[in-house]
Amino acid sequence: MGDGALSVREKSSTARVVPPARPRKLAKVPFVELADGRLQGVVSSGSDIGRVYVSSVEAGTYAFACSTNNNRPCGGARGGFCNHIRALVDEAVLQYGVERVARYLKVEVSGEDPDAHTVLSAMSYTRPAQGDRSAAAQVFSRFLRHLAYLELAPDTAPLPEMQWFPTTRAVA
């Protein structure tokens, strides 16, 4: 997608809209982001349709955290990455591309064609510790905010809560 396909607002925005590296299905991992020095997101439970897990991996140290939406610890995240974190890394690589995810997490990947498994293996090799689960509430709150935007009818009028970006013609 070159600059010719971007709208005027996207070209002048301070936050560049980055298209996904590859399309991904949202059923298993509906929310994934590289933010606050972590890869973090929401992962659906494989056994209970009403349960989701908030998972994260810290950049540099690879300290990981995984807990349910009611802040109960994940049973699989004891001593290593659980399946939720593995799914999160897989979907992050689909969304952002392996190079961007590896660069953000500060993972040295080698080989001809690195993938999510390469990133996970490099992080697992360091034997990361379990991290702090305190950010789970903020991540889950952002996920719920994104869901609320999906319920809005299509409209070209600006949203008041999205007006914190200054206009391109504003004088400071």
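For the structure, check the block above.
Enquirer: Before we go on, may I ask you to explain the pairing of strand β4 (residues 64-68) in this structure?
Expert: Residues in a regular strand project their side chains so that they alternate between the two faces of the sheet. Burial within β4 is extensive, with five of its five residues counted as buried. Where burial is concerned, the two faces of β4 agree: the one with F64, C66 and T68 and the one with A65 and S67 are both buried. Two strands pair when backbone bridges link them, and strand β3 (residues 52-58) and β4 are joined in this way by five bridges, in the antiparallel orientation. The partner of S55 across the bridge, within β4, is C66.

Enquirer: Can you help me understand a negative patch on the surface in this one?
Expert: Side chains of D90, E99, E112, D113 and D115 sit close together on the surface and give a patch of like negative charge. In this structure, D90 sits in helix α2 (residues 83-96).

Enquirer: Explain the nonpolar core to me, please; I cannot follow it from the model alone.
Expert: As a rule of thumb, nonpolar side chains are buried together in soluble globular proteins. Among the nonpolar cores identified, the biggest contains 30 residues, and L39, V57, F81, I85, V89, L105 and M123 are the most heavily contacted of them. Taken together, the elements giving at least two residues each to this core come down to β1 (31-35), β2 (38-44), β3, β4, α2, α3 (98-105) and α4 (116-125). Of the residues forming this core, the biggest block, six residues, is contributed by α2. Not counting chain neighbours up to four residues away, the residues in contact with L105 comprise L39, V57, E58, A59, G60, Y62 and M123.

Enquirer: What exactly am I supposed to notice about the side chain of S55 here?
Expert: Its location among the elements puts S55 in strand β3. Look past the residues within four positions of S55 in its chain and what remains in contact with it is L39, Q40, G41, V43, A65, C66, H84, I85 and L88.

Enquirer: Would you mind going over the pattern of salt bridges with me for this structure?
Expert: Note on pairing: side chains with opposite charge can pair once their charged atoms come close. This model, assessed by the stated rule, comprises four salt bridges. In this structure, R51 engages D48 in a salt bridge whose closest nitrogen and oxygen atoms are separated by 3.7 Å.

Enquirer: In this structure, what is going on with the packing of aromatic side chains? I would like to understand it.
Expert: Between two aromatic rings, the relevant description is the distance of the centres plus the angle of the planes. As enumerated under the stated definition, the model contains three aromatic pairs in all. When the ring of F31 is compared with that of F143, the centres are 5.9 Å apart and the planes differ by 45 degrees; the resulting orientation is tilted. With F31 in strand β1 and F143 in helix α5 (residues 136-150), this pair connects stretches of sequence that are 112 residues apart. On the basis of relative accessibility, which here comes to 6%, the residue F31 falls in the buried class. For F143, a relative accessible area of 9% gives the class buried. Put simply, the rings of F31, F140 and F143 touch in pairs and so form one group of aromatic residues.

Enquirer: Help me understand the packing of α2 against α3 in this model?
Expert: Packed helix pairs are characterised by how far apart their axes lie and by the angle those axes make with each other. Running from N to C, α2 and α3 cross one another at 120 degrees; their axes reach a closest spacing of 7 Å. Taken together, the axes of α2 and α3 are oblique relative to one another. Only V98, R100 and V101 of α3 make contact with α2, whose side of the interface consists of A92, V93 and Y96. In the contact of α2 with α3, the residues fall into five nonpolar, no polar and one charged.

Enquirer: What should I look at first to understand the environment of Y62 in this one?
Expert: Along the chain, Y62 falls in the loop between β3 and β4. Spatially, the C-alpha atoms of Y62 and S124 are 8.3 Å apart, while their sequence positions differ by 62 residues. Y62 has contacts with V57, F81, L105, K106, V107, M123, T126, P128 and A129, leaving out every residue within four places of it along the chain. At 2.5 Å, the side chain of Y62 forms a polar contact with the backbone oxygen of K106.

Rules used in this analysis
- Residues numbered from 1 in each chain as written.
- Predicted model: local features only at pLDDT ≥ 70, side-chain atom pairs only at ≥ 80, totals over all residues.
- Heavy atoms only, no water.
- Buried < 20%, exposed > 50% of the residue type's maximum accessible area, 1.4 Å probe, protein only.
- Helix = DSSP H or I, 4+ residues; strand = E, 2+ residues; numbered from the N terminus.
- Pairing = 2+ DSSP bridges.
- Patch = residues over 30% accessible without salt bridge, like charges linked within 9 Å, V, L, I, M, F, W, Y side chains within 5 Å.
- Areas by Shrake-Rupley, 256 points an atom, 1.4 Å probe, with all protein chains shown as cover.
- Salt bridge = Lys/Arg side-chain N within 4 Å of Asp/Glu carboxyl O.
- Lys, Arg positive; Asp, Glu negative; His and termini not counted.
- Charge placed at Lys NZ, Arg CZ, Asp CG, Glu CD.
- Core = buried A, V, L, I, M, F, W, Y, C linked by side-chain atoms within 4.5 Å.
- Contact = heavy atoms within 4.5 Å.
- Phe/Tyr/Trp six-rings, centres within 6.5 Å; stacked < 30°, edge-to-face > 60°.
- Axes fitted to C-alpha atoms, helices over the stretch in contact; angles between N-to-C directions.
- Parallel < 35°, antiparallel > 145°, perpendicular 65-115°, else oblique.
- Nonpolar A, V, L, I, M, F, W, Y, C, P; charged D, E, K, R; others polar.
- Polar contact = N/O pair within 3.5 Å; in protein donor to acceptor, adjacent residues only side chain to side chain.

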